[in-house]
There are 4 protein chains.
Amino acid sequence: MTAIKVGVIGYGYWGPNLTRNFYELPTSELVAVADQKEEQLKRAKARYPGVELTTDYRELFKMGLDAVVVSTPPKTHFAVAKDCLLHGLHVLVEKPITLNSRDAEELIQIASDKGLTLMVGHTFEYNSAVLAMKKYIESKELGDLYYIDTARLNLGLFQRDSNVLWDLAPHDISILLYLLGEDPISVSAQGIPCVIPGVYDVAYLSLIFPHNLTAYVHVSWLDPCKVRRVTLVGSRKMAVYNDMESEGKIKIYDKGVVTPDYTNGFGEFQYNYRSGDITIPNIRYAEPLLQECSHFIESIVNHTEPRSSGRAGLRVVKILEAAQRSIAKSSTHELIQW
Amino acid sequence: MTAIKVGVIGYGYWGPNLTRNFYELPTSELVAVADQKEEQLKRAKARYPGVELTTDYRELFKMGLDAVVVSTPPKTHFAVAKDCLLHGLHVLVEKPITLNSRDAEELIQIASDKGLTLMVGHTFEYNSAVLAMKKYIESKELGDLYYIDTARLNLGLFQRDSNVLWDLAPHDISILLYLLGEDPISVSAQGIPCVIPGVYDVAYLSLIFPHNLTAYVHVSWLDPCKVRRVTLVGSRKMAVYNDMESEGKIKIYDKGVVTPDYTNGFGEFQYNYRSGDITIPNIRYAEPLLQECSHFIESIVNHTEPRSSGRAGLRVVKILEAAQRSIAKSSTHELIQW
Amino acid sequence: MTAIKVGVIGYGYWGPNLTRNFYELPTSELVAVADQKEEQLKRAKARYPGVELTTDYRELFKMGLDAVVVSTPPKTHFAVAKDCLLHGLHVLVEKPITLNSRDAEELIQIASDKGLTLMVGHTFEYNSAVLAMKKYIESKELGDLYYIDTARLNLGLFQRDSNVLWDLAPHDISILLYLLGEDPISVSAQGIPCVIPGVYDVAYLSLIFPHNLTAYVHVSWLDPCKVRRVTLVGSRKMAVYNDMESEGKIKIYDKGVVTPDYTNGFGEFQYNYRSGDITIPNIRYAEPLLQECSHFIESIVNHTEPRSSGRAGLRVVKILEAAQRSIAKSSTHELIQW
Amino acid sequence: MTAIKVGVIGYGYWGPNLTRNFYELPTSELVAVADQKEEQLKRAKARYPGVELTTDYRELFKMGLDAVVVSTPPKTHFAVAKDCLLHGLHVLVEKPITLNSRDAEELIQIASDKGLTLMVGHTFEYNSAVLAMKKYIESKELGDLYYIDTARLNLGLFQRDSNVLWDLAPHDISILLYLLGEDPISVSAQGIPCVIPGVYDVAYLSLIFPHNLTAYVHVSWLDPCKVRRVTLVGSRKMAVYNDMESEGKIKIYDKGVVTPDYTNGFGEFQYNYRSGDITIPNIRYAEPLLQECSHFIESIVNHTEPRSSGRAGLRVVKILEAAQRSIAKSSTHELIQW
């Protein structure tokens, strides 16, 4: 099998990581890197002297590529990805896939029409800890899920033309969709623009999934502590995936509420808490981005729908659109009667 | 000065701690303990053989007491506290002061009419860490506050006739009111009843204070990890009070956003993050409950309004009432357009 | 059964804890507290108004007691305990039982001659975590033990007439003797007197047990971090008892070295590490001191040898004596050939 | 200035990291990689397609190199480094520089005779945290040092022809020599060979420096927890460098013993502990290995003695030789008189 020829568009913050993986994968060949800034290209050249460099990504269309990676700023995702698809290239685009659902739908349509692979960089869907959490849910080891709570906080990269919803929440939303395998019905969001007027840097979301399962998502660019956490609370057990924990990222708590089958003298059920062992499973960690890049190549070669397909990217965008509508409304607060 | 004669009504979960402190304070004399359950009285007798015991709190009215502590279940707070005030006794009542604001107002009125001290057991207002946090705010060491985030989570004591709002949130709300010295304008709450229909065991509140300062409060009876945390995010520094941290409960982060006084070539301000030292101040911890009990006695002796006065208790109840109205509404969610 | 009548001699640092437990135990009756300092007696009186108080412990001999607790400074242990035994009282004496083995042997002999219970306050032998660790060793869950490492560090109570060996190491040595059920053959100790000439405030011990099992003990009065840790390294698993850990004091690591039964081409065994799950067992903690006090009463009533008998105390003292001889020698260092 | 032409000998565990840094440094040019194993060379080729590859390091002598990096197994350090020096190449050799002091002295002599730079890879001497610790000592911020304690533990890479002393202790010893700027007078070592007869996998060292300053070093290949820690205990403050801490690797504890200038009534000084704030300084971390590699190039260009010179490597080896003599002796233990 010949290697898939890949070009990278955008060598800024995340692009170098994608580039490295496609360079090292035996199934892909890194052919070119495009970036508008000469200094970024210089950095790429230092690492990959044999790779073609250009400040105009359209040069890539003349290089006989099979696929491109679009890791440019979000507002350019749609135009660049569309251009690449129209030139017959498979596309892996960073999250969020686009800034509105209409654009995402158009990309999906084009890819479908042309039989091309369209994938979005939801890295966490390729993370061993998330895969393990999905297994705990599906095997019912946790019992029925009561709720999910996630937090992704720290001093973040400030982006004037984005906000914390569109920057950080795609990670948590893609995790939730992947873990649960279904779409939320509704979402509410609250938040505040602390530093720049109009740019939300702190947000709290709640997503209601079918069967009344609720997930809470807290994202912040403005917190002193780095937090990366997903908590699953089930009727039998609870699980926490804490990405900052060095000894073991997942803890399974054999804790829960004991619902008795008898009542007390007043006809009321007596509830009790149960605390058992905590287990830190030994999980083999492979670099999630390597798994993602490898999966992209496999999806191209096998003509299969990727896990984080364009459709998955669209679902995240639709949820973000609804969250954006919600966050702008202040009507949700009850006035206090002083 | 003769010691203030104190009786304790309710020797269940928290009553023994109050009893111990009034027993040991040199300014008070523990005279009697009342509890409906004989077994609780037996426990009291084992520790305080000289103390009067009764299953009927009204017996206390014949004992020449000066003051009582009401640490009975919340739904009885109003009736018991009112009865005691009407019998001329100063009252320290556990939080929440009552289950509705009308009742709290009536207690305040009676105490005022009779010149009695009415105080509510907002323990955290007597906690050294909270006092230190208030100092950091008032001295502007943190700059201007952007927002506050609090969390109080763990496997909690299940209460069928309460919910997590009324059980745990009074702590965080009283901390917020004390720290900020002003009342919130509005509140919204979301939550879920996981185990018992209608009993919220997980809740997320947001409170809007004057000058658009927002505080977020997360309370849960159903979380695998014990969390007790208050985060203050300011324009100059940030502070975290983590009650579970053994090495030092408060951390001051010299972190923030640098707002430049110049713009880039496109007329835009360039924001940057700043990370400096972290300081863990050495704080002398006195038992907060001892401070609270001692303050109650002083307020009686000096005829001064206690820090956590009946009025402070009323403010918390009004906020809880508004939160309760809010949590019942589901209209705050945006439907997602699938 | 009538309760055992107990007197406490020494109401300083640890005495109040012992007093509280004997006061609350249903099987014992706290009759008297003796202390040379009036202010300590005042503190005792405030808590236990009905108890007899005296500055001369010999007054206790007239009170019809069954047993005494000796929690005076170590240098007085022998004289006071001997006096009490000679007056026919059962004795629980704080650790170390005496300051030399001859004295300990004399106490054991007297107790034996008079049929009295002599017990030493090795609290950790009554600690649920230590009991669990012993079970892991005996059930061979850890495989064969390779070695044990313990650390007990922090800013400690400075004692001019003691040193860190005699103050802190008795805890770790009694834990080791209890865990292993056998006596060490030899010991070496190194240490330094940092603050006061001649008073060792930092020490490192190594104890060689039968079958070449070695235990390392690190004790310090002069460390910035509070450490209370016992590590067991076995051929199958490893276990850590960390008393400072809030989520769970014991962790079982399914880690080890895999010894293969085949060799490589050069006739050498290929060793590999194995990393499996980590388990934090749910252990029910009872206050160790309550268990200890209760066990003392039971030993008296049942005429049985207590777990931490005088003999156990003697074994610890003999090891400390050898360690003291070792720490004074500097001959163990190799000169470096510069 | 033309870049220094560098060849790497040994592309196993650590070699790839050295290679990457010399590849990326603007002051050096990576010309060749040598390794006996073809598969290692394949890995090198995948990353650096333009680099010369060979299984025989002597091929490097024909390539016009200026310098080589020797990251082969320790037992080959001497022969390879000597050969390279004799061929006129500057040499950076991994730690330990050689397996005995005679060999190290010979390398130093050759390098001196030929005017070549000889440097050993004591990475921690280029670590920002170690540099900060050195500053705290030299500025007397900690007061006078009482003692130093270090620990470097975890499940390590098992090496049949080495032991934990020669594998891990060079890091700690080089840190100590660099921090203190002077040589220890003597050393003692204890340890056990747990898994393979004769191969020590756990060791405890004590090093006595001038002015009676003692340093304790604990190294282990067989501990369930990964520990990387250096504790400095001074008369004014204490400092801990914990490399596993994510929030801040250094903590300065404003703690100490207060030595009074007055005595109590019995002519004795009353000592007290003092506990103040804890500070986590914000330290800019640069990759230590990058600093090391850059320093090697600078030393060559400027004809200056590198910080971790051959002489520094020799000092570490002399200490290890004395420790090895000490660890083999069992005479240091006191028999316990049962």
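Relevant structure appears above.
Not measured: the values here are computed from a predicted model. (Residues numbered from 1 in each chain as written. Chains lettered and ligands numbered in written order. Predicted model: local features only at pLDDT ≥ 70, side-chain atom pairs only at ≥ 80, totals over all residues. Heavy atoms only, no water.)

> Report on the overall build of chain A, specifying residues and quantitative values.
When helices and strands are tallied, chain A shows eight helices and 15 strands. In terms of overall dimensions, chain A is globule-like: its C-alpha atoms have a radius of gyration of 22 Å, near the 20 Å expected for 338 residues. With the C-alpha coordinates of chain A rotated into their principal frame, the extents come out at 80 × 50 × 40 Å. The proportion of buried residues among the 338 residues of chain A is 61%. Each charge sign in chain A was given a centre, from 35 positive and 40 negative side chains, and these centres are 2 Å apart. (Helix = DSSP H or I, 4+ residues; strand = E, 2+ residues; numbered from the N terminus. Rg over C-alpha atoms; globule rule 2.2 N^0.38 Å. Buried < 20%, exposed > 50% of the residue type's maximum accessible area, 1.4 Å probe, protein only. Lys, Arg positive; Asp, Glu negative; His and termini not counted. Charge placed at Lys NZ, Arg CZ, Asp CG, Glu CD.)

> Can you tell me about the interface of chain C and chain D, naming the residues and giving the values?
In this assembly, 61 residues from chain C lie in contact with 61 residues from chain D. Counting each side, the surface lost to burial between chain C and chain D is near 5,600 Å², with a carbon and sulfur contribution of 63%. Joining chain C to chain D, the criterion identifies four salt bridges. When the shortest N-O distance is used, the salt bridge between C:Lys329 and D:Glu334 registers 2.2 Å. Counting every contact that joins chain C to chain D gives 28 residue pairs in polar contact (both at pLDDT 80 or more). Tallied by class, the residues present in the side of chain C that touches chain D amount to 33 nonpolar, 16 polar and twelve charged. Here two bridges tie strand S8 (residues 186-192) of chain C to strand S15 (residues 334-335) of chain D, and the two strands are oriented antiparallel to one another. Within S15(D), the residue paired with C:Val187 across the bridge is D:Glu334. (Contact = heavy atoms within 4.5 Å. Buried area = accessible area lost by both parts, 1.4 Å probe. Salt bridge = Lys/Arg side-chain N within 4 Å of Asp/Glu carboxyl O. Polar contact = N/O pair within 3.5 Å; in protein donor to acceptor, adjacent residues only side chain to side chain. Nonpolar A, V, L, I, M, F, W, Y, C, P; charged D, E, K, R; others polar. Pairing = 2+ DSSP bridges.)

> Go over the sheet that holds strand S1 (residues 4-9) of chain D, please, and point to the residues and values.
Residue and element names in this part refer to chain D. The strand order S3-S2-S1-S4-S5-S6 describes an open sheet built from six strands, whose pairing is parallel. Each end of this open sheet is capped by a strand with a single partner; those strands are strand S3 (52-54) and strand S6 (118-120). The mean angle between the axes of side-by-side strands here comes to 20°, regardless of whether they run parallel or antiparallel. Where strand S2 (residues 28-34) lies against S3, three bridges are found, and the strand directions are parallel. Bridging across to S3, Val33 finds its partner in Leu53. Running over the sheet, helix H7 (residues 288-302) touches S1, S2, strand S4 (67-70), strand S5 (90-93) and S6 and is turned about 155° from S5. (Axes fitted to C-alpha atoms, helices over the stretch in contact; angles between N-to-C directions.)

> Can you lay out the pattern of salt bridges for me, pointing to particular residues and giving the numbers?
Summed over the entire model, instances satisfying the criterion amount to 69 salt bridges over all chains. Put simply, C:Arg58 and C:Asp56 hold a salt bridge, and the shortest N to O gap is 3.2 Å. The exposure class assigned to C:Arg58 is partly exposed, which follows from its relative accessible area of 47%. According to the relative accessible area criterion, C:Asp56 is partly exposed, its value standing at 26%. Put simply, C:Asp243 and C:Lys249 hold a salt bridge, and the shortest N to O gap is 4.0 Å. Since its relative accessible area comes to 24%, C:Asp243 is described here as partly exposed. Given a relative accessible area of 23%, C:Lys249 falls into the partly exposed group. Beyond isolated ion pairs, a larger network of salt bridges with shared partners links A:Arg325, A:Lys329 and B:Glu334.

> Please provide a residue-by-residue account of helix H3 (residues 74-86) of chain A, values included.
Residue and element names in this part refer to chain A. When the terminal C-alpha atoms of H3 are compared, their 19 Å separation across 13 residues agrees well with the 18 Å that a helix rising 1.5 Å per residue should span. Where H3 is concerned, the buried positions are His77, Phe78, Val80, Ala81, Asp83, Cys84 and Leu85. On its buried face, H3 is in contact with strand S1 (4-9), strand S4 (67-70), strand S5 (90-93), helix H4 (101-114) and strand S6 (118-120). Backbone geometry just after H3 places Gly88 at a positive phi near 80°. (Expected span 1.5 Å × (residues − 1).)

> Got a sec to walk through the relation of the copies chain C and chain B? Specific residues and values, please.
Copies of the same chain, two in number, are related to each other by a rotation about an axis and a translation along it. Mapping chain C onto chain B calls for a rotation angle of 180° and an axial translation of 0.1 Å; the resulting RMSD is 0.0 Å. Taken together, the turn and the small shift mark the pair as related by a two-fold rotation axis. When the interface residues of chain C are mapped onto chain B, 100% of them again lie at the interface, so the same face is used by both copies. (Least-squares fit on C-alpha atoms with pLDDT ≥ 70 in both.)

> Describe the relation of the copies chain C and chain D, naming the residues involved and giving the relevant values.
Note on the identical chains: chain C maps onto chain D by a rotation of 180° and an axial translation of 0.0 Å, with an RMSD of 0.0 Å. Counting the interface residues of chain C, we find that 100% of their copies in chain D are interface residues as well, pointing to one common contact surface.

> Explain the packing of aromatic side chains to me, using residue names and the numbers behind them.
Here the structure, examined in full by the defined rule, presents 24 aromatic pairs over all chains. When the centroid spacing of 3.9 Å and the interplanar angle of 25° are considered together, the rings of A:Tyr204 and B:Tyr216 count as stacked. Of this pair, A:Tyr204 sits in strand S9 (residues 202-208) while B:Tyr216 sits in strand S10 (residues 214-220), placing the two residues on different chains. For the cation-ring pair, B:Lys249 lies above B:Tyr285, with the distance from its terminal atom to the ring centre recorded as 6.0 Å. If you follow D:Lys134 out to its NZ or CZ, it ends over the ring of D:Tyr178, 4.8 Å from the centre. (Phe/Tyr/Trp six-rings, centres within 6.5 Å; stacked < 30°, edge-to-face > 60°. Lys NZ or Arg CZ within 6 Å of the ring centre and 35° of its normal.)

> I'd like to hear about the packing of helix H5 (residues 128-138) of chain D against helix H6 (residues 164-180) of chain D, residue by residue, with values.
Residues and elements named next belong to chain D. Contact geometry for H5 and H6: axes closest at 9 Å, N-to-C directions at 40°. Taken together, the axes of H5 and H6 lie oblique to each other. Between H5 and H6 lies a crossing whose hand is right-handed. Listed contacts from H6 to Val130, Leu131, Met133, Lys134 and Ile137 of H5 are Ile175, Tyr178 and Leu179. (Parallel < 35°, antiparallel > 145°, perpendicular 65-115°, else oblique. Left-handed = near helix turned anticlockwise from the far one by under 90°.)

> Go over the sheet that holds strand S4 (residues 67-70) of chain C, please, and point to the residues and values.
Pairing between sheet strands relies on hydrogen bonds along the backbone, with the strands arranged either parallel or antiparallel. Residue and element names in this part refer to chain C. A sheet is described by the order of its strands in space; here six strands give the open sequence S3-S2-S1-S4-S5-S6, paired in parallel fashion. Unpaired on one side and paired on the other, strand S3 (52-54) and strand S6 (118-120) mark the two borders of the sheet. Across the sheet, the axes of successive neighbouring strands diverge by a mean angle of 20°, strand direction being ignored. Relative to strand S2 (residues 28-34), strand S1 (residues 4-9) runs parallel, the two being bridged by six bridges.

> Can you lay out the environment of D:Leu25 for me, pointing to particular residues and giving the numbers?
Residue and element names in this part refer to chain D. Here Leu25 lies in the loop between helix H1 (15-24) and S2. Judged by its relative accessible area of 9%, Leu25 falls in the buried class. Those residues in contact with Leu25 that lie beyond four places of it in its chain are Leu290, Cys293, Ser294 and Ile297.

> Describe the interface of chain C and chain B, naming the residues involved and giving the relevant values.
Listed as interface residues are eight residues of chain C and, on the opposing side, eight residues of chain B. With both chains or domains summed, chain C and chain B bury close to 660 Å², and 36% of this area falls on carbon and sulfur atoms. It is C:Tyr23, C:Glu24 and C:Arg47 that lose the most area in chain C upon contact with chain B, and together they represent 58% of the buried surface on that side. Inspection of the chain C/chain B interface yields two salt bridges. Notably, a salt bridge pairs C:Glu24 with B:Arg47, separated by 2.6 Å at the nearest N-O pair. Counting every contact that joins chain C to chain B gives six residue pairs in polar contact (both at pLDDT 80 or more). Taken together, the elements giving at least two residues each to the side of chain C that touches chain B come down to helix H1 (15-24) and helix H2 (38-47) of chain C.

The values are spatial; any link to function lies outside them.
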